[in-house]
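Here is how the chains run, residue by residue.
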Amino acid sequence: MSDLSSGQSARLPHLTRRGFLVGASALSLAACGNTQNTTSGAGTKNALGLKLPAGAASAGDQYYVLPFDSTGASYKALDFYENVYSRAPLADQFNIPLVRLNQNYQIVPGAASSWEQSADHNSWTFHLRKGIMWSDGKELTAADYVETLRYSADPKHAWDFSWFWSGVIKNYTDAVAGKVPTTSIGVKQGKDKYTLVIETEGPVAYIPSACLYTTPLSAAALNKYGSGSYNINPATCVTCGPYKLTKFDPTAQVVLGPNKKYTGPFKPPIDTVVGKIYAGGDMLPRFQTGQVDQLSVTPLDLKIAAKNPKTKALHLYKNPNDFEIWYTFFDTKKPPFHNVRVRQALAHSVDRDSLIKSLLAPLATPAYGYLMPGYPFAVEDPLKPYTNYDPAKAKSLLAQAGYPDGKGFPSVKFYWWANAVSNTEAVVQALTHNWNSVLGINIQLQQLDKTTFYARMNKKPTEIQMGFVSYGMDYFDASNMLSVYKSDGRHNWNNAQYDQLLAKGAAESKAQARQEIYTEAQVQLTKEAPGVFVFHLLYGYYYAPYMQGKALTKNKNGYDGIQWPGFGATSDSLQGLYVAQNKQNWPRQKPNGIS
């Protein structure tokens, strides 16, 4: 998700050799006395009244423990519309968005059972399910969504994600700027309290996808407490989701227990969720000893874990999470990268297949364009001629740019920040070697801390001439990812034709027409090479063997494990995960604070 590592799912730190060795010995000790959930609970009901499936452990074992690393984090909220970048673990569980995503990244009904676009294409109407109740006894209605979106546009609130709806919802941009009252933004009740109307700044075809981010606050609680911070206190938490807050300690643990007043249609088998918060340290021994139920891994982790018989036997789950791309960007306003042939030369100098095989496999795929295969409207084959590995073509392009064999090419600093999951240090070294050896130029690496990197990149004008960075989706539509390169966007490449294609694609409602438009846009972007697209990241996960269910099975693209946006209200994974009988005797420790 843009510059934040999605708060919707836990991205966990990499393990180290020390952590692995410690975990190996700890595992043998833990196996002696901490094994749980061996009793069958099939056919019995959990705390939410849901009958458990065949193979499930007892109702008392239906809890799910996820690890989070708090290094560099400051947890202040549990709701998207209160604060995005400082959300704590297990955020956004106290509501039901208008729509959700299934494991195939398809938009499916959430609180809204249906929706349609108006005849003039300037508004969308959502029809809410009746009878969904907040825990304070009030019914979920259009007013909750209206007040939440108005709150997000209030300049006094200064919401840190207001750009998301700016230029989309009618009058939203002006409201954020304080030019018009928040009551004038284009959200309102329709014909009755179960009808929500969203008016847009012109035709916007992707509103249903964007409405994944309509996780409402309670209008009554918002009015009573003046902000959404009421949900970080168990005594004042108001929920219409299947969970309620039972403990909030942002330094150690967040616990969600069953909301026994839940009346919604999405009851999960897991009735208790625990977010274990660690201030750094090695996650593998915590997973091996049963303190947590899942682990995120890197390619290096896999090599180390393969040496342990117990861990080696686990299935590696892989999926694209938020369809993240890692790429090199350029300051296209200054020499030498103002010259398109220079940029194209660097694009044709990258041996993506060799780089991935040696450094990232099996957790990456080569990026020939900005959109990962499987993402809406993504294409690959039409883009390869503009960015495939072709040293001879690269040298020719550089010569055409006025730098034969690299002669006269200025020394350039290539900025990067360390990210263990994507192995950036080794990757940027390989890229630099490719460019310098193929083209005979002098590109020098310069590491920055993440905060400084983004601050310098985002300056207008940018203070980074050439850098390595990532981007992941905010919502599942090409209009989101491709907008990174629109004029006055994240980078300073401006192309009127590309902008026109994006505007045309956003307004078009027919899928085939949108495909043609976005294909042309992707070709334009890749051909002009304002960036060198290197790889699409895959996320690897281990789950304890007793974690079972449809949510972990392969989707239509062959990816498994819990897909983005993770185990939460915005996904149907809530209904597809349960704790099975622990027939493998994998160790499990029940956390403090849950019954």
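Everything in this summary refers to the structure shown in the same document. The model shown is predicted, which means the values in this text are computed figures rather than measured ones. (Residues numbered from 1 in each chain as written. Predicted model: local features only at pLDDT ≥ 70, side-chain atom pairs only at ≥ 80, totals over all residues. Heavy atoms only, no water.)

### Some points on the pairing of strand E4 (residues 112-117)
- Of the strand pairs in this sheet, E4 and strand E5 (residues 123-128) are connected by 5 bridges, and their pairing is antiparallel. Note that in E5 the partner of Gln117 across the bridge is Trp124.
- In sequence, E4 turns back onto E5 through a hairpin of 5 residues, with His121 there showing a positive phi of about 65 degrees. (Pairing = 2+ DSSP bridges. Helix = DSSP H or I, 4+ residues; strand = E, 2+ residues; numbered from the N terminus.)

### Regarding the sheet that holds strand E11 (residues 294-297)
- The strand order across the open sheet built from 3 strands is E11-E19-E12, with neighbouring strands paired in antiparallel fashion. What marks the edges here is a single partner per strand, and that holds for E11 and strand E12 (317-319). Here the average twist between neighbouring strands, direction ignored, is 30 degrees.
- As defined by bridge partners, E12 adjoins strand E19 (residues 539-543) across 3 bridges and the pair is classed as antiparallel. Bridge pairing links Asn319 to Tyr539 in E19. (Axes fitted to C-alpha atoms, helices over the stretch in contact; angles between N-to-C directions.)

### Quick word on the packing of aromatic side chains
- Under the defined criterion, the tally for this structure stands at 46 aromatic pairs.
- Through a chain of ring-to-ring contacts, three or more aromatic side chains come together here, namely Phe80, Tyr81, Tyr85, Trp159, Phe161, Trp163, Phe164, Trp165, Tyr206, Tyr213 and Tyr475.
- Positioned above the aromatic ring of Phe266, the side-chain terminus of Arg100 is 3.6 Å from the ring centre.
- Between Arg286 and the ring centre of Tyr278, over which it is positioned, the NZ or CZ distance is 3.9 Å. (Phe/Tyr/Trp six-rings, centres within 6.5 Å; stacked < 30°, edge-to-face > 60°. Lys NZ or Arg CZ within 6 Å of the ring centre and 35° of its normal.)

### With respect to the pattern of salt bridges
- Counted under the stated rule, the structure contains 9 salt bridges.
- For Lys384, the salt bridge identified is with Asp381, shortest N-O distance 3.7 Å.
- With relative accessibility at 56%, the residue Asp381 sits in the exposed group.
- For the salt bridge of Lys459 with Glu463, the shortest nitrogen-to-oxygen distance reads 3.3 Å.
- For Lys459, a relative accessible area of 42% corresponds to the partly exposed category.
- Look at the salt bridges and you will find they share partners, linking Arg456, Lys459 and Glu463 into a network. (Salt bridge = Lys/Arg side-chain N within 4 Å of Asp/Glu carboxyl O. Buried < 20%, exposed > 50% of the residue type's maximum accessible area, 1.4 Å probe, protein only.)

### Quick word on helix H2 (residues 142-153)
- If you check H2, its first and last C-alpha atoms are 17 Å apart, about what 12 residues at 1.5 Å a residue would give, namely 16 Å.
- In terms of burial, H2 is largely enclosed, as 10 of its 12 residues are buried.
- By the burial criterion, the buried members of H2 are Ala142, Asp144, Tyr145, Val146, Thr148, Leu149, Arg150, Tyr151, Ser152 and Ala153.
- The inward-facing, buried residues of H2 contact E5, helix H3 (172-176), strand E6 (187-189), strand E7 (195-199) and helix H5 (219-225). (Expected span 1.5 Å × (residues − 1). Contact = heavy atoms within 4.5 Å.)

### Let's talk about the sheet that holds E4
- Strands sit in the order E4-E5-E7-E6 across an open sheet of 4 strands; the sheet is antiparallel. Edge strands, defined here as strands with exactly one partner in the open sheet, are E4 and E6. Here the average twist between neighbouring strands, direction ignored, is 20 degrees.
- Sheet strands in contact with H2 are E5, E6 and E7, and its direction is about 160 degrees off that of E6.

### A few points about the side chain of Thr200
- With respect to the element layout, Thr200 can be found in the loop between E7 and helix H4 (207-210).
- Taking relative accessible area as the criterion, Thr200 reaches 6% and is therefore assigned buried.

### Brief notes about helix H15 (residues 496-507)
- Taking 1.5 Å per residue as the helical rise, H15 with its 12 residues ought to reach 16 Å, and the 17 Å between its terminal C-alpha atoms agrees with that figure.
- Residues Tyr498, Leu501, Leu502, Gly505 and Ala506 constitute the buried set of H15. Taken around the axis of H15, the buried residues stretch over an arc of 130 degrees, which confines them to a single face. In H15, those exposed residues whose orientation departs by more than 90 degrees from the buried face are Ala496, Gln500, Ala503 and Lys504.
- Buried positions along H15 lie against helix H14 (478-482) and helix H16 (511-528).
- The opening residue of H15, the one whose side-chain oxygen lies 3.1 Å from the backbone nitrogen of Gln497, is Asn495. (Arc of directions from axis to C-beta. Polar contact = N/O pair within 3.5 Å; in protein donor to acceptor, adjacent residues only side chain to side chain.)

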